[in-house]
Amino acid sequence: KASLLEAAQSDPSLRLRIKNAREDPDVDQKLKDYTTVERVVAARDIRKTREYLVKWVDLGYDEATWETEDVVKPHQDILRAFEARKPIAAKESRPLHLPREKFDTYAEQPGFLDGGTLHKYQLEGLNWLRFARKNHRNVILGDEMGLGKTVQSVAFLKSLFVD
């Protein structure tokens, strides 16, 4: 208890929680919940010791803590659920390096775009979108308002249709 109060001296957030807990009639139930394992989020091995990232009941994920195996071991059902989730995430991940496909840029406005002329920076944006797609990258066009993101997007979609 003394170490908790010492920690509260340097942490205003903790100080506020202690103040609120003293005023709360359900403080015993909340303390019990705050020390009950809800979910194991991750695992790691440090110096031959297995640790688990634990999400506690009624606390957010931002307040999850790394705990040793002896804290989590009594909760075998939660550990089994974590182990069952792990292989699924590993199967769905994609390789870090995908093979690069040949990529041709447009040096000038393509013939399939009519009704106006792309500015040089819009043509560069079109090539960048096409390059990102060939390399399996998600991208977002972000610039000042009025510089033609919609035109670049429509040109990109048209290039997909034509290719």
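Note: the structure precedes this text.
Residues numbered from 1 in each chain as written. Predicted model: local features only at pLDDT ≥ 70, side-chain atom pairs only at ≥ 80, totals over all residues. Heavy atoms only, no water.

Looking at the pairing of strand 1 (residues 37–46)
Worth spelling out the cut-off: A pair of strands is considered paired only if DSSP assigns at least 2 bridges between the two. Secondary structure elements follow DSSP: runs of H or I no shorter than four residues count as helices, runs of E no shorter than two count as strands, and numbering proceeds from the N terminus.
When strand 1 meets strand 2 (residues 49–56), the two strands line up antiparallel, connected through eight bridges. Bridging from a neighbouring strand, valine 37 pairs with tryptophan 56 of strand 2. Counted between consecutive antiparallel strands, the loop separating strand 1 from strand 2 contains two residues, among which arginine 47 sits at a positive phi close to 45°.

Focus: unusual backbone geometry
With the exception of glycine, the majority of residues adopt a negative phi angle, and the majority of peptide bonds are in the trans configuration. Operational definition: Type-normalised accessible area, obtained with a 1.4 Å probe on protein chains alone, sets the label of each residue: buried when under 20%, exposed when over 50%, and partly exposed for intermediate values.
The residue arginine 47 is not glycine, and still its phi comes out positive at about 45°. Relative to the elements of secondary structure, arginine 47 occurs in the loop between strand 1 and strand 2. Of note in the backbone geometry, histidine 136 takes a positive phi value of approximately 55° without being a glycine. With respect to the secondary-structure elements, histidine 136 resides in the loop between helix 6 (120–134) and helix 7 (149–162). Residue classification places histidine 136 among the partly exposed positions, given a relative accessible area of 39%.

Points about helix 6
Under the convention used in this document: The length a helix should cover is 1.5 Å for every residue beyond the first. Residues are treated as being in contact if the distance between any of their heavy atoms lies within 4.5 Å.
Between its first and last C-alpha atoms helix 6 spans 21 Å; for 15 residues at 1.5 Å apiece the expected length is 21 Å, and the two agree. All of the buried residues in helix 6 are Gln122, Leu123, Gly125, Leu126, Asn127, Leu129, Arg130 and Ala132. Those residues of helix 6 that are buried are in contact with helix 7. At the C-terminal side of helix 6, histidine 136 shows a positive phi close to 55°.

What to know about the sheet that holds strand 2
Let me state the cut-off plainly: Note on geometry: axes are C-alpha line fits, over the in-contact stretch for helices, and angles between N-to-C directions span 0 to 180 degrees.
If you trace the three strands from one edge of the open sheet to the other, you get 1-2-3, paired in antiparallel fashion. Each edge of the open sheet is held by one strand with a lone partner, namely strand 1 and strand 3 (65–68). Looking at each pair of strands side by side, their axes are set apart by 35° on average, direction ignored.

Overview of the packing of aromatic side chains
To describe a pair of aromatic rings, one takes the distance between the centres and the angle between the planes. Using the following cut-off: Whether two aromatic rings pair depends on their centres lying within 6.5 Å, for rings of Phe, Tyr and Trp, where Trp uses its six-membered ring; planes under 30 degrees apart make the pair stacked, over 60 edge-to-face, and the rest tilted. Placement of a positive charge over a ring is assigned whenever Lys NZ or Arg CZ falls within 6 Å of the ring centre and within 35 degrees of the normal to the ring plane.
Counted under the stated rule, the structure contains two aromatic pairs. Taking 6.3 Å as the distance between ring centres and 90° as the angle between the ring planes, the aromatic pair formed by tyrosine 52 and phenylalanine 82 counts as edge-to-face. Taken as a pair, tyrosine 52 in strand 2 and phenylalanine 82 in helix 5 (residues 76–92) lie far apart in primary sequence, 30 residues in all. When its relative accessible area of 3% is taken as the criterion, phenylalanine 82 is described as buried. Here arginine 44 stacks its cationic end above the ring of tryptophan 66, 3.9 Å away from the centre of that ring. A cation over an aromatic ring shows up here: lysine 55 above the ring of tyrosine 61, its NZ or CZ 5.4 Å from the ring centre.

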